[in-house]
Amino acid sequence: DAKTTQPPSMDCAEGRAANLPCNHSTISGNEYVYWYRQIHSQGPQYIIHGLKNNETNEMASLIITEDRKSSTLILPHATLRDTAVYYCVFGGSQGNLIFGKGTKLSVKP
Amino acid sequence: NAGVTQTPKFRILKIGQSMTLQCTQDMNHNYMYWYRQDPGMGLKLIYYSVGAGITDKGEVPNGYNVSRSTTEDFPLRLELAAPSQTSVYFCASSRQGGQPQHFGDGTRLSIL
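Because the structure is a prediction, the values reported are computed rather than measured. Just so you know, the residues in each chain are numbered from 1, in the order the chain's sequence is written. A letter from A marks each chain and a number from 1 marks each ligand, given out in the order of writing. Confidence filtering applies because this is a predicted model: local features only for residues at pLDDT of at least 70, side-chain atom pairs given and counted only at 80 or more, and all residues used for totals across whole chains, interfaces and linings. Note that water and hydrogens are dropped before the side-chain values are worked out from all heavy atoms of the structure.

Trainee: Outline the overall build of chain B, supporting the account with residue identities and numerical values.
Mentor: Segments assigned H or I by DSSP are reported as helices when at least four residues long, segments assigned E as strands when at least two residues long, and all are numbered from the N terminus. Scanning chain B from N- to C-terminus turns up 0 helices and 11 strands. In sequence order, chain B lays out its α and β elements as β-β-β-β-β-β-β-β-β-β-β. With C-alpha atoms as the basis for the radius of gyration, the globule rule is written as 2.2 Å multiplied by the number of residues raised to the power 0.38. At 13 Å, chain B has a C-alpha radius of gyration in line with the 13 Å of a compact globule built from 112 residues. Counting the 112 residues in chain B, one finds 46% classified as buried. Within chain B, counting contacts between residues at least 6 apart in sequence, those at least 24 apart form 55% of the total. Only the protein chains shown count as cover for residues, with accessible areas throughout obtained via the Shrake-Rupley method and a probe of 1.4 Å. Approximately 5,200 Å² of chain B is accessible, and the part contributed by carbon and sulfur atoms is 51%. Within chain B, one finds 10 positive and 8 negative side-chain charges whose respective centroids are separated by 6 Å. Three exposure classes are used, based on accessible area relative to the maximum for each residue type with a 1.4 Å probe and protein chains only: buried under 20%, partly exposed in between, and exposed over 50%. We call two residues in contact when some of their heavy atoms are within 4.5 Å. A positive count includes Lys and Arg, and a negative count includes Asp and Glu. His and the chain ends are not counted in either. Taken as the charge centre is NZ of Lys, CZ of Arg, CG of Asp or CD of Glu, depending on the residue.

Dropping the structure here:
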């Protein structure tokens with residue numbers, strides 16, 4: 001069973017920020033939170049990851065709550081090409097990740 | 001810069017046939033993984049390897065076998081294909097276990 005909980009779908013207007021939430025209440029202290037996305041049926045694409053602190057890269061920002069039980073992925077200016085399924089995952093030190101069904105983000109003009 | 005390469009991209013098998021899905025990476029990554037993805041679902045881990053000669057079971061290993069004789073290659077073997085193994089198979093690699101995984105484009109397998 002998936003260890004994360006995400007809304008099944010979300011809509012976002014083009015140019016607006018997309019905020020995708022994830023609950024991961026069973027995460028251990030040394031496990032990272034990773035975000036991936038999958039466009040159409042391509043292989044998942046890594047977006048960002050974090051442990052405790054908020055993180056930002058050229059694609060997105062990751063906000064992790066102080067208790068580490070939830071996080072939010074932020075796409076600051078969503079484009080049509082950001083339409084995809086977004087997965088929030090975490091796993092053991094061996095990298096054995098468990099993916100849930102993710103959130104289908106639809107960016108609309 | 002090839003990354004993770006999977007072959008074939010598509011395949012149709014008959015029940016009971018066997019085949020090997022190939023996966024190779026050119027990033028000198030230690031860790032490699034095999035996932036399957038059924039329609040409308042997330043990925044499920046089949047097997048993974050932390051280095052040449054070392055493999056371990058994931059969440060759904062039944063009906064599959066793997067080997068890791070080199071750092072670059074991690075083939076997945078189906079011995080007796082069953083309809084329940086119809087799926088899209090993704091191979092991935094990472095430098096170490098806790099680092100981001102790089103995925104291939106997948107192999108779409110249908111068993112009829």
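Trainee: Talk me through the interface of chain A and chain B; I want residue IDs and the actual numbers.
Mentor: Taken together, the contacts link 21 residues of chain A with 22 residues of chain B. When chain A packs against chain B, close to 1,600 Å² is buried across both sides, 53% of that on carbon and sulfur atoms. Three residues, Pro44, Gln94 and Phe99 of chain A, lead the burial of chain A against chain B; their summed loss comes to 29% of the area buried on that side. Each salt bridge in this description consists of a side-chain nitrogen of Lys or Arg and a carboxyl oxygen of Asp or Glu lying within 4 Å of one another. Here chain A and chain B share 0 salt bridges between them. Counting only elements with at least two residues in the side of chain A that touches chain B, the list comes to β3 (33–38) and β4 (45–50) of chain A. If you tally residues by element for the side of chain A that touches chain B, the top one is β3 of chain A, at 3 residues. Counted by class, the side of chain A that touches chain B contains 8 nonpolar, 11 polar and 2 charged residues. The quantity reported as buried area is the accessible area (1.4 Å probe) lost by two parts once they are put together, taken as the sum for both. Three residue categories are used. Nonpolar comprises Ala, Val, Leu, Ile, Met, Phe, Trp, Tyr, Cys and Pro, charged comprises Asp, Glu, Lys and Arg, and polar comprises the others, including Gly.

Trainee: Could you give me a rundown of the nonpolar core, with the residues and numbers involved?
Mentor: Note on terminology: a nonpolar core comprises buried Ala, Val, Leu, Ile, Met, Phe, Trp, Tyr and Cys residues joined through side-chain atoms within 4.5 Å. Within the largest apolar cluster, 22 residues are counted, with the highest numbers of intra-cluster contacts made by Trp35, Leu73, Tyr86 and Leu105 of chain A. Looking at this core, the elements with two or more residues in it are β2 (18–23), β3, β4, β6 (61–64), β7 (70–75), β8 (84–90) and β9 (103–108) of chain A. Counting residues per element, this core draws most heavily on β8 of chain A, which supplies 4 residues. Listed in part, the 20 residues of the second largest apolar core include Met27, Trp34, Tyr89 and Leu109 of chain B.

Trainee: Mind laying out the state of the cysteines, listing which residues take part and the relevant values?
Mentor: Pairs of cysteine sulfur atoms within 2.5 Å are identified as disulfides in what follows. For the structure shown, the criterion picks out 2 disulfides over all chains. Free cysteine Cys12 of chain A: the closest other cysteine sulfur is in Cys22 of chain A, separated by 18 Å.

Trainee: Would you mind going over the layout of surface pockets in detail, with residue names and values included?
Mentor: Empty space within the largest pocket amounts to approximately 350 Å³. The wall of the largest pocket is formed by 21 residues, among which Gln38, His40, Val85 and Tyr87 of chain A together with Gln37 of chain B lie closest to the centre. Mapped onto the lining of the largest pocket, the elements with two or more residues apiece are β8 and β9 of chain A together with β9 (87–94) of chain B. With 3 residues, the top contributor of residues to the lining of the largest pocket is β8 of chain A. Tallied by class, the residues present in the lining of the largest pocket amount to 9 nonpolar, 8 polar and 4 charged. Site definitions follow a grid-based scheme: protein atoms alone, a 1 Å grid, a 1.4 Å probe that fits but cannot get out for cavities, and for pockets an open set with protein on both sides within 12 Å along at least five of seven lines, plus lining residues having an atom within 4 Å of a point. Grid points are joined across faces, edges and corners, and a volume is the space filled by probe spheres set on the points.

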